[in-house]
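Below, each chain spelled out in residue letters.
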Amino acid sequence: MSSDDRILAKLLKNVKAYEKDSKSRIGTEGRPKEICFLMLGGSFNPIHSQHIAALQMSRERLQEEGYVVLAGFLGTSSDGYLLHRNNMCSLACDSSDWIEAVPWGCASQHRIAQGIVSLATPRMPEGYRLRCFQVCGADHCARGYLCKNTVCALRPEYTKAVKKLLKNKSKHIIPSTFYTTRDELKAVSSTKIRDLIHKGDWKALSHQKMVADNVITYIQKHSKMPQSFWLACNSKKNTSNDSRGNPESAYSWHPTR
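Values in this document were obtained by computation on a predicted structure and should not be read as measured data.

Conventions used here
- Residues numbered from 1 in each chain as written.
- Predicted model: local features only at pLDDT ≥ 70, side-chain atom pairs only at ≥ 80, totals over all residues.
- Heavy atoms only, no water.
- Helix = DSSP H or I, 4+ residues; strand = E, 2+ residues; numbered from the N terminus.
- Buried < 20%, exposed > 50% of the residue type's maximum accessible area, 1.4 Å probe, protein only.
- Contact = heavy atoms within 4.5 Å.
- Areas by Shrake-Rupley, 256 points an atom, 1.4 Å probe, with all protein chains shown as cover.
- Phe/Tyr/Trp six-rings, centres within 6.5 Å; stacked < 30°, edge-to-face > 60°.
- Salt bridge = Lys/Arg side-chain N within 4 Å of Asp/Glu carboxyl O.
- Core = buried A, V, L, I, M, F, W, Y, C linked by side-chain atoms within 4.5 Å.

Caption draft 1: Just the overall build of the chain, in detail. Scanning the chain from terminus to terminus reveals nine helices and six strands. When the 257 residues of the chain are sorted by exposure, 48% land in the buried category. In the chain, the share of contacts with a sequence separation of at least 24, taken over all contacts with a separation of at least 6, comes to 73%. About 13700 Å² of surface is accessible on the chain, with carbon and sulfur atoms providing 49% of the total.

Caption draft 2: Layout of the packing of aromatic side chains. Taken as a whole and judged by the stated rule, the model has five aromatic pairs. For the pair Tyr67 and Tyr179, a centre-to-centre distance of 6.0 Å together with 75° between the ring planes defines the contact as edge-to-face. Note that Tyr67 is positioned in the loop between α2 (49-64) and β2 (68-76) and Tyr179 in strand β6 (residues 178-180), a separation of 112 residues in sequence. The buried category is assigned to Tyr67, whose relative accessible area is 15%. Consider the rings of Phe133 and Tyr179, whose centres lie 6.4 Å apart with planes at 45°: the pair is tilted. With a gap of 46 residues between them, Phe133 in strand β4 (residues 129-137) and Tyr179 in strand β6 connect regions that are remote in the sequence. For Phe133, a relative accessible area of 0% gives the class buried. On the accessibility criterion, Tyr179 (9% relative accessible area) is buried.

Caption draft 3: Focus on the pattern of salt bridges. This structure, assessed with the given rule, holds ten salt bridges. When the shortest N-O distance is used, the salt bridge between Arg61 and Glu65 registers 2.6 Å. When its relative accessible area of 10% is taken as the criterion, Arg61 is described as buried. Look at Glu65 and you get partly exposed, because its relative accessible area is 39%. Note that Glu64 and Arg182 form a salt bridge whose closest N and O atoms lie 2.9 Å from each other. Here Glu64 is found in helix α2, whereas its partner Arg182 is found in the loop between β6 and α7 (190-199), with 118 residues between them in sequence. Residue classification places Glu64 among the partly exposed positions, given a relative accessible area of 45%. Taken together, the shared-partner salt bridges connect Arg61, Glu64, Glu65 and Arg182 into one network.

Caption draft 4: Fine view of the nonpolar core. Counting residues in hydrophobic clusters, the biggest one holds 38 residues, and the most contacted among them are Leu38, Ile47, Leu55, Leu62, Leu74, Phe133 and Leu205. Here the element with the most residues in this core is α2; it accounts for six residues. Leaving out residues up to four positions away in the same chain, Leu205 has contacts with Ile193, Leu196, Ile197, Met210, Val211 and Ile216. One finds Val68, Ile116, Leu130 and Cys132 within the second-largest nonpolar core, a separate group that totals 24 residues.

Below, the structure is given as structure tokens:
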């Protein structure tokens, strides 16, 4: 199976099942043929439980509004050591039948979503179309980034700020397709996770269920990765939009390069 086939496999399988179910029901001619998918980008340093929870909560929120959400994608940005981060994201998605990792190494969620649409559209059943909703953290939305086709994953320390913005409609134009999750994500700190990794405290990492066990096993196996791997990935020195020049990376931007 090619990389592109693997990326699209869960989406296309779920679309096929949805189409089959629609045909088997009586009086479902008006059932939605717009298929939505979620896009969550980030450095995933490392991928943890609340990244997956953000997708799950966002899906539930959109389903309340009547959207058909059949896939979610993790798009790893290109801050370095892309191959390892892609591998960990893939492991975190192993048990999910609708979430998949995209290994293209692009800092733009929008561009990754466009790439998914361009690859998947020719394989969609006749009459079906794709629509992307981006999932953003509340820290991002609290700064005023209230964009259309977006679900804001609320976090305890930013929820009040986001809700204040949403109430102040005189200063902010709130798109009709901007939503927030019903519940808040748990306060899982990537910094704390990295500290436990540095200490080799694997029991605490597993017991607190911040990181999936198969991801912990992967990190243990590659425990000799340099300190630079676990930096917070917000350095201005790492702002490229692809993984070219990164010897650890197996991918560069695709499919629009």
